[in-house]
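# Observations on the model geometry
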Amino acid sequence: HKIRFQPASDQVGNATLGYKVWDGSTGVAGAKENLTVGDTNRVSAASLSSSIAVTPVNDDPANLTANTKTINEKDTYVLSNSDIAFTAKAGAPDEQTAEQITYKLTALSTKGDIQKKFGSTWVTLAVGGLFSQQDIDNGDVRYVHTGAELSANTTDSFAFTVRDGAGSEINDTF
């Protein structure tokens, strides 16, 4: 006979499995039985329990914020964690630090530059350029509008992947 245990999604820590012995006098082996607390006619009065250690697994980056911003032409806008931020799934532990969460540019803006601050110098990033959540949190990533005169309702964007530092990756656009 086998018992299969499947923990709840994002469960971490110890889980306890309690069980009793069925005497086989009623029901069908392998079928589900609806038992009530204290039902000792078909199962043993005594019970046993096992503790099972549930270890965490790497969850895909799931809660990614990428909000839209409005700026004036020729302006510079420093990105913050209210603009772009990754957080763990609801109920899951934060598995990685802000430094481990990295963004990689996959398509550039057509009307501006994405720049990262290195020391006191701002450097324009190319496709494949990297920055971390910590860089965003520190105010070290910015968008600089470099395009021509804007007409009403002109938009711009850049695309990126976000990696959580443990093998998971998702794509998004800002």
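The model shown is predicted, which means the values in this text are computed figures rather than measured ones. Here the residue numbering is sequential within each chain, running from 1 through the sequence in written order. In view of the model being predicted, local features appear only for residues whose pLDDT reaches at least 70, and side-chain atom pairs are presented and counted only at 80 or more, with totals across whole chains, interfaces and linings using the full set of residues. Calculation of side-chain values draws on the structure's entire complement of heavy atoms; hydrogens and water are dropped beforehand.

### Observations regarding the confidence of the model for the protein chain
Test applied: Predictor confidence is given residue by residue as pLDDT, running from a minimum of 0 to a maximum of 100. Strands here mean DSSP runs of E at least two residues long; helices mean DSSP runs of H or I at least four residues long; both are numbered from the N terminus.
Overall, the predicted model of the protein chain reaches an average pLDDT of 76, with 66% of residues at or above 70. Mean pLDDT in the protein chain bottoms out at strand β12 (residues 169–173), which sits at 59, and peaks at strand β8 (residues 121–124), which reaches 95.

### With respect to the packing of aromatic side chains
Rules: A pair of aromatic rings is counted whenever rings of Phe, Tyr or Trp (Trp by its six-membered ring) have centres within 6.5 Å, and the orientation is called stacked for planes under 30 degrees apart, edge-to-face for over 60 and tilted otherwise. Partly exposed residues are those whose accessible area sits between 20% and 50% of the maximum for their type, while under 20% is buried and over 50% is exposed, using a 1.4 Å probe and protein chains only.
According to the stated counting rule, one finds 3 aromatic pairs in the structure shown. Ring geometry for Tyr103 and Phe160: centres 5.5 Å apart, planes at 70 degrees, overall edge-to-face. On the criterion of sequence distance, the pair formed by Tyr103 in strand β6 (residues 102–107) and Phe160 in strand β11 (residues 159–163) is long-range, its members being 57 residues apart. When the ring of Phe158 is compared with that of Phe160, the centres are 6.0 Å apart and the planes differ by 45 degrees; the resulting orientation is tilted. Given a relative accessible area of 2%, Phe158 falls into the buried group.

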